[in-house]
Structures are given as C-alpha cells and as structure tokens.
Amino acid sequence: MLVKTLSQSQPQVLPYRGRFAPSPTGPLHFGSLVTAVASYLEAKTRQGHWLLRMEDLDPPREIPTAADDILRTLENHGLQWDESILFQSQRHEAYDAAIHRLRLQGLIYHCNCSRKKLLERQGGSGLQIYPGTCRKEKHKPSSQSAIRIITDNQEIGFEDRIQGYFGHNIGQAVGDFVLLRADGWFAYQLAVVVDDAEQGVSDIVRGSDLLDNTPRQIYLQQLLSFDHPTYAHVPVVANQKGEKLSKQTSARAVSDSAPNANLFKALDFLGQQPPAELVRYELRDIWQWACQNWHLDKVPKRPKIALDV
Ligand code: GLU
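Described below are features of the structure shown in this document.

What counts and how
Residues numbered from 1 in each chain as written. Predicted model: local features only at pLDDT ≥ 70, side-chain atom pairs only at ≥ 80, totals over all residues. Heavy atoms only, no water. Helix = DSSP H or I, 4+ residues; strand = E, 2+ residues; numbered from the N terminus. Rg over C-alpha atoms; globule rule 2.2 N^0.38 Å. Buried < 20%, exposed > 50% of the residue type's maximum accessible area, 1.4 Å probe, protein only. Contact = heavy atoms within 4.5 Å. Lys, Arg positive; Asp, Glu negative; His and termini not counted. Charge placed at Lys NZ, Arg CZ, Asp CG, Glu CD. Axes fitted to C-alpha atoms, helices over the stretch in contact; angles between N-to-C directions. Parallel < 35°, antiparallel > 145°, perpendicular 65-115°, else oblique. Nonpolar A, V, L, I, M, F, W, Y, C, P; charged D, E, K, R; others polar. Phe/Tyr/Trp six-rings, centres within 6.5 Å; stacked < 30°, edge-to-face > 60°. Lys NZ or Arg CZ within 6 Å of the ring centre and 35° of its normal. Pairing = 2+ DSSP bridges. Salt bridge = Lys/Arg side-chain N within 4 Å of Asp/Glu carboxyl O. Core = buried A, V, L, I, M, F, W, Y, C linked by side-chain atoms within 4.5 Å.

1. A few points about the overall build of the protein
Along the backbone of the protein there are nine helices and twelve strands. The C-alpha atoms of the protein give a radius of gyration of 20 Å, which matches the 19 Å a tight globule of 309 residues would have. A buried classification covers 51% of the 309 residues belonging to the protein. Taking contacts inside the protein between residues at least 6 apart in sequence as the whole, the part at least 24 apart equals 76%. Here the protein contributes 35 positive and 35 negative side-chain charges, whose respective centroids are spaced 6 Å apart.

This is the structure in structure tokens:
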C-alpha cells in the first residue's frame, strides 16, 4: 500500500472550504468557541466558505437540546455558517457505502472482542492498541460485532499548520481500528472522512485533542481515494486543574448574554493580541477587527489554561 507523508505546510489554493463540526453532547463551551472562531476566521480571511456539520452520530452520548443550543450560541456570537447544515444522523447510507467499498478491497473484518476481553488481554491498561485478535477469524457479521479496518505498519504523517509535523505508525499506535461499533453506531473516524469529502472541505481547523486521530483519517482518505485537506490543530483550552474543557470536566456553557466578552477572550486565547478597548466595541466591529488582524501563525501550539471561562 502506498502510504506517504503529506506535505501540507503551505495553504492550498482557493476555493477554501472550512468547517466546524460540533458533537451535540452538551452546550458550546469556551474550548469549542475557540475552535469555531479560529476555523471561521481562517475561512473568511481566505475568502472561503465556513460550513457547519452537526456530528450527531452517537445518540447514547447526546443531549436532545444540545444541537439547538449550539446553533443559537453560534448565531448569538455572529458565527454565521454558509450553506445548509449537514447532520450526520442523516448520512448512514453514505457511511455504509464507504464500508462496502473497503469491504471490496478486502480491508475490513468483523470483530467479536468485548471491551472486557480486550481489557483483560491488555492487563487492564486501556483500549489503546487493538492486537488484531479477530483479523484471521473470518467471523460472520452479527448484530453484536464491530467492523474494523486492517491497518499496516507504515508511518503516516502530515505537516500541521500550527503543530508542525505529526505522524505515527497506525498499526503500532492504535492497531486495526473500528468503523462500525458493536452497538451499531458508526465510528467518528469513518464519518468524519466521508463527510469532509462530501462537503468538499479543503482545510480543517480543529482542536489539538484530535491531532493523533489525523493519521487514521488520512489512511481512510487514501483507501477511499478522497482528497486530503490541510490541517491546523489549535490548542485545547484547559481548566485550572489542567484538564481539557469538556462535558466530562463539567465545562460551563458559553453565556449567550456576553458574546462580545467571549469573542474578545477567544481572540486573546488564540494569540491575536486584541487591544483592551476592543471589548467595548459592538460585536460587528470586533469581528471586523478580527478579520483584519487574523494571523494563524500567531496561534500558540500548546494547550493553555483559561481563567474564568
Ligand atoms: N465532533 C468533534 C468534536 O466535537 C470534532 C470533529 C472534528 O472536528 O473533526 O470534538
């Protein structure tokens, strides 16, 4: 198999198509706002489109009101998306079709390993690397089996526009990974690749917690003959304990009543050095300043602690 290192340090030429892809597992927190602002500014300052995709792929983890809450907060902050929103819950046929294409290449298999069995085998150290147990078993599909993709032992790397080079051997770093979960829901890795291709996304700006997912996504893009977007992973926002803001760490929802202050804080977090008086401007004027002064190369690399968010 051809596996190459992508050289992506240079922005691609127009048309630029960026996206923001929240999961409706809770309301928008400051970390997601930072990602939305960065992807929006990069798209707008490159005369591109900014698309929105609702990653409602995992109903057991979702909160029924979260998608609407996220959309309202984005709008209240002046983050207006182009084109219609793509909902992953309506895309199951496309994910099935991608699995079918991979099946024709002989690259997928059914896996009956339970979470418990995997944990026991790995001495309880987590589910990081799948040891390939079911690869040769030729299990028949069943309602309880997951579908995994065969990985190989070559390095897949790419040049991130913020983080620099990142790469690993996915066979050794994660092993054959899941495309369809045993509980019947499609896996993020598959859906994100199929939908970035469907939406013609040319440039991805997202949180650095997803950096080590990217080689798996590039691998799937190669197998499905999709174009490779460029990547820029912005630092995640951490709370005072150094934990990434998330639903699990009880991150607070971004307040809809203070969009100016929130946007100012996001620009500050992103290293854009907004002048102090900007916080008193109208929201429209803050956006105008942001578009005129946005520089991706000022965005810091490392996770940062944000106070009072
Ligand atoms: N849905 C993912 C999240 O909310 C983001 C996926 C992506 O940007 O690739 O963390």
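2. So, the packing of helix α1 (residues 30-45) against helix α8 (residues 259-269)
Between α1 and α8, the least distance of the axes is 9 Å, while the angle of their chain directions is 75 degrees. Our classification of the angle between α1 and α8 gives roughly perpendicular. Judged by residue contacts, Phe 30, Leu 33, Val 34, Val 37 and Leu 41 of α1 engage Asn 262, Leu 263, Lys 265, Ala 266, Leu 267 and Phe 269 from α8. Here the contact of α1 with α8 is built from residues that sort into nine nonpolar, one polar and one charged.

3. Regarding the packing of aromatic side chains
As enumerated under the stated definition, the model contains seven aromatic pairs in all. Each ring, one from Phe 20 and one from Trp 50, has its centre 6.1 Å from the other, and the planes form 10 degrees; the classification is stacked. Here Trp 50 lies in strand β2 (residues 49-54) and Phe 20 lies in strand β1 (residues 17-20), a separation of 30 residues in the sequence. Given a relative accessible area of 5%, Phe 20 falls into the buried group. Taking the centre distance of 5.2 Å and the plane angle of 85 degrees together, the rings of Tyr 40 and Trp 50 count as edge-to-face. Of the two residues, Tyr 40 sits in helix α1 while Trp 50 sits in strand β2, which places them ten residues apart along the sequence. You'll find Tyr 40 and Trp 50 in the same group, each marked buried. Above the ring of Tyr 130, the side-chain terminus of Arg 148 is found at 3.5 Å from the ring centroid.

4. Here's the deal with the sheet that holds strand β3 (residues 86-87)
Spatial ordering of the open sheet is given by β1-β2-β3, a layout of three strands whose pairing is parallel. Of all strands in the sheet, those bounded by a partner on one side alone are β1 and β3. Two elements, β2 and β3, share two bridges in a ladder whose sense is parallel. Bridging from a neighbouring strand, Met 54 pairs with Phe 87 of β3. α1 contacts β1 and β2 of the sheet and is inclined by roughly 145 degrees relative to β2. Helix α6 (residues 188-198) rests against β1, β2 and β3 of the sheet, and its axis sits at about 145 degrees to β2.

5. Looking at the pattern of salt bridges
One pass over the full model with this rule turns up 18 salt bridges. Glu 83 is the partner of Arg 17 in a salt bridge, and the nearest nitrogen-oxygen pair spans 2.8 Å. Placement of the pair is Arg 17 in strand β1 and Glu 83 in the loop between α2 (66-76) and β3, with a sequence separation of 66 residues. For Glu 83, a relative accessible area of 40% puts it in the partly exposed group. In this structure, Asp 58 engages Arg 61 in a salt bridge whose closest nitrogen and oxygen atoms are separated by 3.6 Å. Via salt bridges that share partners, Arg 19, Arg 53, Glu 55 and Asp 196 belong to a single interconnected network.

6. Regarding the nonpolar core
Across soluble globular proteins, nonpolar side chains have a tendency to be buried as a group. With 45 residues, the main nonpolar core has Phe 30, Val 37, Leu 74, Leu 79, Leu 267 and Trp 287 as its most contacted residues. Of all the secondary-structure elements, those providing two or more residues to this core are α1, β2, α2, β10 (230-234), α8 and α9 (283-293). Broken down by element, this core gets its largest block of residues, nine residues, from α1. Tyr 95, Leu 107, Ile 108 and Tyr 231 belong to the second largest nonpolar core, which has 32 residues in total.

7. A word on the sheet that holds strand β4 (residues 108-111)
Overall, antiparallel pairing links the three strands, which are arranged β4-β5-β8 in an open sheet. Of all the strands in the sheet, just β4 and β8 (177-180) have a single pairing partner and so form its edges. Shown here is a sheet whose adjacent strand axes are inclined to one another by a mean of 45 degrees, direction ignored. Here three bridges tie strand β5 (residues 146-149) to β8, and the two strands are oriented antiparallel to one another. Bridge pairing links Arg 148 to Val 178 in β8.

8. Some details on unusual backbone geometry
One non-glycine residue, Gln 47, adopts positive backbone phi at about 55 degrees. Its location among the elements puts Gln 47 in the loop between α1 and β2. The exposure class assigned to Gln 47 is exposed, which follows from its relative accessible area of 63%. Backbone geometry at Glu 83 places phi at a positive 65 degrees, although glycine is not the residue there.

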